[in-house]
Amino acid sequence: MTPRKRDDLFARDDAPEKFEFNESVARVFDNMLERSVPFYKECQQMVVALVEATAQPGTRVYDLGCSTGTLIREMARAVPPESDIRFIGLDNSDAMLKKARRKLKEFGDRCEVVSGDLNGPLELENASVVILNYTLQFLPPARRQGLLKRIRQSLLPGGALILIEKVKAEAAALAPVFVERYYAYKRERGYSRMEISRKREALEEVLVPLPPGENVTMLETAGFGTVDVFFKWFNFCGFVALRGEAGSGSQPAPGPQPASGKKRAKTRKSR
Ligand SMILES: Nc1ncnc2c1ncn2[C@@H]1O[C@H](C[S@+](CC[C@H]([NH3+])C(=O)[O-])CC(=O)[O-])[C@@H](O)[C@H]1O
Ligand SMILES: O=C(O)C(=O)Cc1ccccc1
């Protein structure tokens, strides 16, 4: 196992002025996420639990913006092969995909990672779950609604979208509190004030967070009949959205079959 490299990207004299998912980021990425994303591992396990509850046997789970494949590995370890569920990762960074392929080799054809740009056309086949784990935030805000709509249209009946994002505070008065708490989080994990400041500048116009309410509105506008929040830490938030059935209005779709293949108890038709 190659030793995990410590993220020193913004401590170096050749620190990037604009953040890009290139080789130098991929080299330290797993350590960067662990030290820069609050509850990253806990959220991973929450996503695994949601996938176990919503993924349908014989279908696909898509991880869009899969990076080095860490989340896919956790899902592939948790979901039994006999459920015949395949995990498809997509990313537009060759450096990330190279690391993902190495990390997922042990799972054979249960896991596949492909190159693709979420700003362009998207083909999702036989998808019961789609995941956007800290990915949508990197798309221009004007392109996000279209992607969410394409995802909603591609999902199987009873399908689910799991969206985790860095967010802005809903209340402007609290924004400074949330941001300062986040930077304190980074300092507590060994980042200097200079590294934090340089990364903030490099992420300007690259990572564009929206308030949770705007994310919920985009999900509802995309046609998801049920939207809920399953995680929140200051300016980080996790949403789960279930595909509503055509003509069902705001009624949530009947719950999908759990990944284990055991039939769920029939949900009572809501009155
Ligand atoms: N237009 C795009 N098309 C495809 N991929 C893109 C695009 N823009 C960015 N990406 C990819 O989205 C990922 C965002 S990281 C996701 C973490 C992962 N989900 C995880 O659970 O570890 C989160 C972060 O860095 O904070 C990177 O791999 C980019 O290459
Ligand atoms: O928002 C930030 O300041 C971050 O550091 C989040 C982040 C984490 C990993 C890659 C890019 C941005």
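- Going by an unreviewed UniProt entry, the protein carries the name Carboxy-S-adenosyl-L-methionine synthase and comes from Nitrospina watsonii.
- As its UniProt record puts it under Catalytic activity (unreviewed entry), the protein is described as follows: "prephenate + S-adenosyl-L-methionine = carboxy-S-adenosyl-L-methionine + 3-phenylpyruvate + H2O".
- According to UniProt, the comment filed for the protein under the heading Sequence similarities (unreviewed entry) is "Belongs to the class I-like SAM-binding methyltransferase superfamily. Cx-SAM synthase family."

Considerations on the nonpolar core
Inference 1: Within the largest apolar cluster, 54 residues are counted, with the highest numbers of intra-cluster contacts made by Phe19, Val51, Val61, Met75, Phe87, Ile131 and Ile162.
Inference 2: Discounting chain neighbours no more than four positions away, the residues touching Val61 are Val51, Ala55, Met75, Ile85, Arg86, Phe87, Ile88, Val129 and Ile131.
Inference 3: Leu64, Val130, Leu210 and Cys237 belong to the second-largest nonpolar core, a separate cluster that totals 27 residues.

Side note on the pattern of salt bridges
Inference 1: All told, the structure shown has ten salt bridges when counted by the stated rule.
Inference 2: Notably, a salt bridge pairs Arg86 with Glu112, separated by 3.2 Å at the nearest N-O pair. With Arg86 in strand S2 (residues 86-91) and Glu112 in strand S3 (residues 111-115), the pair connects residues that are 26 residues apart, well separated along the chain.
Inference 3: Accessibility expressed as a relative area gives 34% for Glu112, which makes it partly exposed.

With respect to the site of ligand 1
Inference 1: Every one of the 21 residues lining ligand 1 counts as a neighbour, but Tyr40, Gly65, Ser67, Asp91 and Asn133 are closest to it.
Inference 2: Contact between ligand 1 and Gly65: a nitrogen atom at 2.7 Å from a main-chain N or O atom of the residue.
Inference 3: The separation between a nitrogen atom of ligand 1 and a polar side-chain atom of Asn119 is 3.4 Å.
Inference 4: Within the complex, the protein chains bury 95% of what would otherwise be the 650 Å² of accessible surface of ligand 1.
Inference 5: Where the shell around ligand 1 is concerned, the elements lending two or more residues are helix H1 (23-36) and S2.

Quick word on the packing of aromatic side chains
Inference 1: In the structure shown here, the tally under the stated rule is 13 aromatic pairs.
Inference 2: Centroid distance Phe19 to Phe21: 5.1 Å. Interplanar angle 80°. Geometry classified as edge-to-face.
Inference 3: Residues Phe21 and Phe138 carry aromatic rings whose centres are separated by 4.9 Å and whose planes lie at 90° to one another, so their mutual orientation is edge-to-face. Of this pair, Phe21 sits in the segment before H1 while Phe138 sits in the loop between strand S4 (127-133) and helix H5 (141-154), and the two are 117 residues apart along the sequence.
Inference 4: Every member of this aromatic cluster is reached through a ring pair, and the members are Tyr134, Phe178, Tyr182, Tyr183, Tyr185, Trp233, Phe234 and Phe236.
Inference 5: One residue, Arg35, lies across the ring of Tyr191, its end atom 3.9 Å from the ring centre.
Inference 6: The ring centre of Tyr191 lies 5.9 Å from the NZ or CZ of Lys186, which sits over that ring.

Definitions and cut-offs
- Residues numbered from 1 in each chain as written.
- Chains lettered and ligands numbered in written order.
- Predicted model: local features only at pLDDT ≥ 70, side-chain atom pairs only at ≥ 80, totals over all residues.
- Heavy atoms only, no water.
- UniProt positions renumbered as here; feature names shortened; annotations may be inferred.
- Core = buried A, V, L, I, M, F, W, Y, C linked by side-chain atoms within 4.5 Å.
- Buried < 20%, exposed > 50% of the residue type's maximum accessible area, 1.4 Å probe, protein only.
- Contact = heavy atoms within 4.5 Å.
- Salt bridge = Lys/Arg side-chain N within 4 Å of Asp/Glu carboxyl O.
- Helix = DSSP H or I, 4+ residues; strand = E, 2+ residues; numbered from the N terminus.
- Near = heavy atom within 4 Å.
- Polar contact = N/O pair within 3.5 Å; in protein donor to acceptor, adjacent residues only side chain to side chain.
- Areas by Shrake-Rupley, 256 points an atom, 1.4 Å probe, with all protein chains shown as cover.
- Phe/Tyr/Trp six-rings, centres within 6.5 Å; stacked < 30°, edge-to-face > 60°.
- Lys NZ or Arg CZ within 6 Å of the ring centre and 35° of its normal.

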